[in-house]
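Structural overview
What follows is each chain in one-letter form.
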Amino acid sequence: MRQTIALALILGVASLVLLTSTDVFTLFASQHTFVNVSFAENDINCADCHHRIQEELNSSAYHNNFSCEDCHRFTGTGITFASGDGASATPGREAHAAYTPRCLDCHGGSGTWIGSEFAPPAKEFNESNYGSNYSAHKKLVLKAKNSNMSAGENEACLVCHTNYSCKISYSYFYNINYTLENWSFSSFSYNGTRYYDVQWVKSGAKHEFLDLDKIKCTKCHKNIYDALVNGTSGSGENYLTHAPIEIDTTGSGNWDTDNAWGHYRYHYIPSYRAVHVNSSYCFRCHNVDKYADENPSYALTYNLSYVIEDTNSTDVHCAEALTCATCHAKGKTKEVIDNTDRSGEGHSGEDFVGNISYARTFNGDICMGCHEAAVHPDGGGQCSRCHKWGNAEVYIESEPSGYAENT
Amino acid sequence: MRLLFLLLIVCALSFAMAQTASIFAGQHTWYNLSANGSDVPCEKCHADVAEEMEVLTGPHTGETGFGKMKCEYCHRFPPIWRRNQTFENYTYASVNADVIPGKEAHAASTVPCMYCHSGDKYGVRHANHAYSDCWPCHQDPSENPNHRPAHEGRYKNSEDCRRCHANAHTGDVYYIPPAGGFNLTTSASDTGKNASHISFVMSAIENDTMEDANEACLACHTKMRVEILFNVTTEAEITVNNSYTQSHSYWNVDEITPSNYTAYREVKGEQ
C-alpha cells in the first residue's frame, strides 16, 4: 500500500513538473552551433563524415600525404569553390565544398604540381583522344569516359591503380581450324564462342592506391595466365598457348634453349611457370620499352633498343596490343630466320608472318598451331612436312585451354 | 486517528485562507509587445538553443564582432531584396505603431538557410564605409526617400545591421555571402555542375524534416550530430567482347557497371 502511494506521489510530481516546465527541447541538438568558416583554409573537417576514406588513404601507397582539399578542391580545373578567409568571401560557382575530380585533372597534360609534389602525366592517356590506338586499354578508358558511373575516365584508372575490385566477362572465339599447303592457307574457319569470367577481388577501397608493382596483368587476364601456366594436359608436353615453342628438357626432344638469333629464348618460361608468368613476363612482348628499361642486361642481350623501334611500346600507357608480326614480320629485328642447328628452312626468307590476312584476333593462334610444343611430333620422320613443305592441318583452341592438333 | 486529525487541520486552513495559489505562477504578468522587435524572450523556452548560440564564435554567433544574432533575425525573417524569390515571405504577428496579425506565422517560423544565402552579391566594401552608423541613410523611406530602407523598415538601429553585415576582420560592411555552388542562388554563374554534395542538397530539399536544404547545410556547417549510412560500390563489372569476322576483329568494352555494394555507417563527431 505504501509503495502504491509513493508511486502515485512520484507520478503526480513528475506530471506537475512536466506540465509547468517552460523549457522545450530542440529536435536536432547543436544545430545552432555554427562552425567558423572565416579562416583561409577549409574549416569544415571532411573526415568528420568521411572517416573511412581517411583510413583508406592512410594505408594507400600514393596520395596518403595529400589533404582532401588537394584533390577535391583542386583549383587547376577552373572550378570556383565556396571559400572565405575573413577578409573576403567567394561564393561557389561550379561546386560549393568539393567536387569529384577526374584522375586526369592532375595526371593529364604535362602533369601538375600539388604543393611540392608532382603528379606525373598518365602516359598516352594524358594526350588528346588518349593517345595512340596501340594502347591495349584505350577502349576501357573510352568506355569509362562515356559511362556515368564516375567522373571522367576514373573507373578505368581505379580498377588497375586502386583496391577497387573488378569483375570482367570476356567473350571471344573458341577455336580455329586451318589448312596450310606449301605455306599458303587453303582453308580457315573459326568456331564457337568462349565465355570467360575473371574477378580480381581486392578490398574494394577506391582511395587505396596501389604500388605500380602490385598491379598484376594476370589478375585481369587470367585466361592468358592459365594458357601459359596450365593449359590442357598432354601426354608429353602440356598444351600451352599464347607464347611460342615451349619445349624444354623434360620432353623427349631435349631441345636446346638458345635460338637462331644466338641467345636464350626470349619467350621461354623455365620451371615454376606459375611464378615466372607475371607482369614482367607480359611486358617482354606487350611493353618492350618498359621491359628493356627495367632489365638493362636483357636489353643488351636481345637488342631490345632495336626491337623497341619495331614495336609501338613507347606510345602506349602500359601495354601494347600487338601480334606476332609486330616483332617477327620480315624486316623486323627479330624476323624469322633459319636455325642453322636444324634442317629445313621453314618459312624463313619470306614474310609468312607478316602476310597473314585473317583477323588479328586469330593471328597468335595461327602461329601457335605450329609453335605449341605439344603439337610438335616426337620424331617419326615428319620434319619435312612443316619445315620444308609447309603443310599442316591445324585445330587449336583459344586461351586458356589451348588444346591443339597439327597433322 | 492521528491522520484524521491532520486532515481536519489542513481542511480548516484551506477554508480560512484568503489567498489561493495559482498552479502556473506568473501567468498574469503580460509582456509589453508595443516596443520594436520581439518583446517575448525566446530563451525562456529555448534555453538549449540560447546555450548553443554561445558555444562557438562563428557565422550568426559573433563572427561579425558585434555579438550573436538575435532570434528574430532568422525566425521572424525580414524581407530581403537579393534572394531567390521562390522563398515565401511571411507576415508575423507584431505590435508597433499598428497591430499586424500574423498570417503564415504568429511568433516565429523555421527558416531556410538559403532564404538569406541565395543572393548574388557578396563581399564588397560598402560605398560609404557605413560602419559607424547605417541609419542616417537606411532609414524609413518616409523620412529619407532617396535611400532604400533596410529590410523594408524592419530594423531601426545600426546595431541590428552590424550583427549581420559587419566584418570584424576588415571593418567593412558586406553583403551576406551566397551559398553558391549548388545552382540555388540568383547568380547566373552558379551552376553547381561539379558539386560533390549536390545530391545531398537536393535530397534535403525534397525531405520535409527541415526547411528546404537545411538538413544538408546544418550537417556540415554546425556541430549537429550526423549519422550517415553509406552504400558504396566496391567493384566494377566490365563486359569485354571480341567482335570478329574472318578478316577483321576488334575488342570492345561494352559495359561498365558498379557492383558489389557494401554499407557502412559514419557518425560525424564520433571519430
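The rules behind these values
- Residues numbered from 1 in each chain as written.
- Chains lettered and ligands numbered in written order.
- Predicted model: local features only at pLDDT ≥ 70, side-chain atom pairs only at ≥ 80, totals over all residues.
- Heavy atoms only, no water.
- Core = buried A, V, L, I, M, F, W, Y, C linked by side-chain atoms within 4.5 Å.
- Buried < 20%, exposed > 50% of the residue type's maximum accessible area, 1.4 Å probe, protein only.
- Helix = DSSP H or I, 4+ residues; strand = E, 2+ residues; numbered from the N terminus.
- Contact = heavy atoms within 4.5 Å.
- Patch = residues over 30% accessible without salt bridge, like charges linked within 9 Å, V, L, I, M, F, W, Y side chains within 5 Å.
- Areas by Shrake-Rupley, 256 points an atom, 1.4 Å probe, with all protein chains shown as cover.
- Salt bridge = Lys/Arg side-chain N within 4 Å of Asp/Glu carboxyl O.
- Buried area = accessible area lost by both parts, 1.4 Å probe.
- Polar contact = N/O pair within 3.5 Å; in protein donor to acceptor, adjacent residues only side chain to side chain.
- Nonpolar A, V, L, I, M, F, W, Y, C, P; charged D, E, K, R; others polar.
- Pairing = 2+ DSSP bridges.
- Axes fitted to C-alpha atoms, helices over the stretch in contact; angles between N-to-C directions.
- Parallel < 35°, antiparallel > 145°, perpendicular 65-115°, else oblique.
- Phe/Tyr/Trp six-rings, centres within 6.5 Å; stacked < 30°, edge-to-face > 60°.
- Disulfide = S-S within 2.5 Å.

1. Some thoughts on the nonpolar core
Formed by 26 residues in total, the largest nonpolar core has its most connected members in Ala95 and Tyr99 of chain A together with Tyr115 and Val201 of chain B. Elements represented by at least two residues in this core include exactly helix H4 (113-116), helix H6 (198-206) and helix H7 (214-221) of chain B. Apart from the residues within four sequence positions on either side, alanine 95 of chain A is in contact with Ile79, Thr80, Phe81 and Ala82 of chain A together with Gly180, Gly181, Asn194 and Ala195 of chain B. By size, the runner-up hydrophobic cluster in this structure holds 25 residues, among which are Tyr130, Val141, Ala144 and Ala156 of chain A.

2. What to know about a nonpolar patch on the surface
A contiguous nonpolar patch, built from Leu3, Leu6 and Leu7 of chain B and spanning about 320 Å² of accessible area, is present on the exposed surface. Relative to the helices and strands, leucine 7 of chain B is located in helix H1 (residues 2-16).

3. Comments concerning the interface of chain A and chain B
Facing 73 residues of chain A, the contacting portion of chain B comprises 81 residues. Together, His32, Phe34 and His96 of chain A form the three largest contributors to the area buried by chain A at its contact with chain B, with a combined 11%. At the junction of chain A and chain B, the tally comes to zero salt bridges. Where chain A touches chain B, the interface holds 38 residue pairs in polar contact (both at pLDDT 80 or more). Element by element, the count of residues in the side of chain A that touches chain B is highest for strand S5 (residues 165-181) of chain A, at nine residues. Looking at the side of chain A that touches chain B, its residues break down into 37 nonpolar, 25 polar and 11 charged. Across seven bridges, the pairing between S5 of chain A and strand S3 (residues 227-244) of chain B is parallel. Within the sheet, the bridge partner assigned to isoleucine 168 of chain A lies in S3 of chain B and is isoleucine 238 of chain B.

4. Some details on the packing of H6 of chain B against H7 of chain B
Residues and elements named next belong to chain B. Close contact between H6 and H7 brings their axes to 7 Å; oriented N to C, the two are set at 130°. As the angle between them shows, H6 and H7 are arranged oblique. Here H6 contributes Phe200, Val201 and Ala204 to the contact with H7, which in turn contributes Glu215, Ala216 and Ala219. In terms of residue class, the contact of H6 with H7 is made up of five nonpolar, no polar and one charged.

5. A few points about the packing of aromatic side chains
All names here are of chain A. What the rule picks out here adds up to 29 aromatic pairs over all chains. With centroids separated by 4.0 Å and ring planes inclined at 10°, the aromatic side chains of phenylalanine 188 and tyrosine 358 adopt a geometry described as stacked. Of this pair, phenylalanine 188 sits in strand S6 (residues 184-200) while tyrosine 358 is found in the loop between helix H14 (325-328) and helix H15 (360-371), placing the two residues 170 residues apart along the sequence. The buried category is assigned to tyrosine 358, whose relative accessible area is 16%.

6. Things to note about the pairing of S6 of chain A
Residues and elements named next belong to chain A. As judged from the 15 bridges shared by S5 and S6, these two strands associate in the antiparallel manner. Its bridge partner being in S6, tyrosine 178 is matched across the sheet by phenylalanine 188. In textbook terms, the turn of a hairpin is the stretch between consecutive antiparallel strands, and for S5 and S6 this stretch comprises two residues, one of which, asparagine 182, has a positive phi near 50°.

7. Remarks on the state of the cysteines
Enumeration according to the criterion identifies zero disulfides over all chains in this entry. Cysteine 220 of chain A provides the cysteine sulfur closest to cysteine 166 of chain A, a residue in no disulfide bond, and the two sulfurs are 3.7 Å apart.

8. Here's the deal with the packing of helix H5 (residues 138-146) of chain A against helix H6 (residues 154-161) of chain A
Residue and element names in this part refer to chain A. Interaxial distance between H5 and H6 falls to 7 Å at its minimum, and their mutual angle equals 130°. Taken together, H5 and H6 sit at an angle that is classed as oblique. Mapping the contact onto sequence places Leu140, Val141 and Ala144 in H5 and Glu155, Ala156 and Val159 in H6. Of the residues in the contact of H5 with H6, the class split is five nonpolar, no polar and one charged.

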